[in-house]
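As a plain string of letters, each chain reads:
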Amino acid sequence: MTARPARLGPVGKALSRLWAAAVLARGEEPGRQSEVACSGTYGDGPGEPLRLVLLGDSAALSIGVERRPETVGSVLATALSKAAARRVELRVLARFGALSGSLSRQVDRMMLAHPGVAVVAIGTSDVLAPVRTRTAARHLEGELRRLTDAGWSVTIATCPYVRQQPAVRRWARSLTARRSRRLARAQTHAALRCGAQSVSLFDHHLDLGAEPGRDLLCADGLHPSARGYALHLRRLVPAIQAAAGRARPPEHRAMPEPRRSADGPVGTGASWPYGREVPLRTAAAAAVIIPGLQCAPGRPGRAVVRLTDVPLPLSP
């Protein structure tokens, strides 16, 4: 049984606030007031709706977006409904500023529900808090394992690159860059070890201080804008649509025959029908080099990787 992470007490919360004040230029929680509700039922189709749950921090809440159709939840639910040809019931359980160590509170609320598709977007808050990245990844892995053991088809959107955001003080940017890289790699490894898939949102190629990167952030200088979320979603949607097949009832599931390569079967089990199989460590390392890399479990000790190429600049 996985040990439950300890929750922050008053001293821990006070230290987190002091650390945030030192790392963030404004010394406050940016953008909290801009949350847009998007839970509900999307699409058409017969039978019971497919359940889609968003977990994590402000990335899953779409902080920085002002219109419901542009939220992460709305876009994913619409795409999932089309891929599965079913209605999708979306619940957003994410919490602003959530840490991986507190993710258990969100997962607890899912344990009695019928399984479906779960998307976890978390990491930036851990990077900006006085938390060890290894500890954050260990807590995340425990909760991902709880979900996969309960029958959920799980995708994690890894921690983005935290360095060039104007809200981060200049002295802290090298530190947050290293921490976000370590965490994104550890998150990928953790997801693959417990049967979940990952999509890399780590993009160190973007220059957020110049075009076309400048308008990828909202006014608070930390969270993505609607255009920034659109870039993440173009990388995330294909993986969620692939997850729809694994979340369908058995009578609706139609999995293609696995393709074979010189190294053996590719795309077997919980992974995609197309891709390249590599060692787990290679997949985790590649996830912080190649933005949009999708990784799914392969044979023991290996992962199936696939790239969704998103060119920049984005069209308006």
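Residues numbered from 1 in each chain as written. Predicted model: local features only at pLDDT ≥ 70, side-chain atom pairs only at ≥ 80, totals over all residues. Heavy atoms only, no water.

Caption draft 1: The arrangement of the environment of E66 in detail. Looking at the element boundaries, E66 is found in the loop between α2 (58–61) and α3 (72–84). Overall, the relative accessible area of 73% leaves E66 in the exposed class. Separated by 31 residues in the primary sequence, E66 and E35 have C-alpha atoms spaced 7.8 Å apart. (Helix = DSSP H or I, 4+ residues; strand = E, 2+ residues; numbered from the N terminus. Buried < 20%, exposed > 50% of the residue type's maximum accessible area, 1.4 Å probe, protein only.)

Caption draft 2: Region of the structure containing a positive patch on the surface. The grouping of R91, R95, R105 and R109 at the surface amounts to a positive patch. Within the secondary structure layout, R95 lies in the loop between β3 (88–92) and α4 (103–108). Residue classification places R95 among the exposed residues on the basis of a relative accessible area of 54%. (Patch = residues over 30% accessible without salt bridge, like charges linked within 9 Å, V, L, I, M, F, W, Y side chains within 5 Å. Areas by Shrake-Rupley, 256 points an atom, 1.4 Å probe, with all protein chains shown as cover. Salt bridge = Lys/Arg side-chain N within 4 Å of Asp/Glu carboxyl O. Lys, Arg positive; Asp, Glu negative; His and termini not counted. Charge placed at Lys NZ, Arg CZ, Asp CG, Glu CD.)

Caption draft 3: Spotlight on the pattern of salt bridges. If you walk through the whole model with that rule in mind, you get nine salt bridges. A salt bridge links E143 to R146, with the shortest nitrogen-to-oxygen separation between them at 2.7 Å. Of this pair, E143 and R146 both sit in helix α6 (residues 133–149), three residues apart, which is roughly one turn of the helix. Since its relative accessible area comes to 2%, E143 is described here as buried. Close ionic contact of R227 with D215 constitutes a salt bridge, the shortest N to O distance being 2.5 Å. Of this pair, R227 sits in helix α8 (residues 226–247) while D215 sits in the loop between β6 (197–199) and α8, placing them 12 residues apart in sequence. You can call D215 partly exposed: its relative accessible area is 34%.

Caption draft 4: The arrangement of the packing of aromatic side chains in detail. Counted by the stated rule, this structure contains one aromatic pair. Ring plane angle 65 degrees and centroid distance 5.1 Å describe the contact between Y161 and F202, whose orientation is recorded as edge-to-face. A residue pair is termed long-range when its members are at least 10 positions apart, and Y161 in the loop between β5 (153–157) and α7 (173–193) and F202 in the loop between β6 and α8 qualify at 41 residues. By the burial criterion, Y161 is buried, and F202 matches it. (Phe/Tyr/Trp six-rings, centres within 6.5 Å; stacked < 30°, edge-to-face > 60°.)

Caption draft 5: Representation of the nonpolar core in the model. With 33 residues, the main nonpolar core has L52, L76, L80, V117 and V119 as its most contacted residues. Among the elements that line this core, the one with the most residues is α8, at eight residues. Ignoring anything within four residues of it in the chain, the contact list for L80 reads L50, L52, V88, V117, I240 and A244. (Core = buried A, V, L, I, M, F, W, Y, C linked by side-chain atoms within 4.5 Å. Contact = heavy atoms within 4.5 Å.)

Caption draft 6: Examining α6 more closely. End to end, α6 covers 24 Å across 17 residues, agreeing with the expected 24 Å (1.5 Å per residue, within 8%). Against β2 (50–56), α4, β4 (117–121), α5 (124–127), β5 and α7 lie the buried residues of α6. Two residues or fewer past α6, G151 is found with a positive phi of approximately 100 degrees. (Expected span 1.5 Å × (residues − 1).)

Caption draft 7: Here's a closer look at the sheet that holds β3. Read from one edge to the other, the open sheet built from nine strands follows the order β1-β3-β2-β4-β5-β6-β10-β11-β9, with strand pairing classed as mixed. Of all strands in the sheet, those with a lone pairing partner are β1 (40–42) and β9 (276–279), marking the two edges. On average, each strand axis in the sheet is tilted by 25 degrees relative to the strand beside it, whichever way the strands run. As paired strands, strand β10 (residues 293–297) and strand β11 (residues 302–307) are joined by five bridges and run antiparallel to one another. Within β11, the position partnered with Q294 by the bridge is R306. The sheet contacts of α6 involve β2, β4 and β5, and relative to β5 the element is tilted by about 155 degrees. Those strands touched by α7 are β5, β6, β10 and β11, and its axis lies near 30 degrees from that of β10. (Pairing = 2+ DSSP bridges. Axes fitted to C-alpha atoms, helices over the stretch in contact; angles between N-to-C directions.)

Read these as layout, nothing more, since geometry by itself doesn't imply function.
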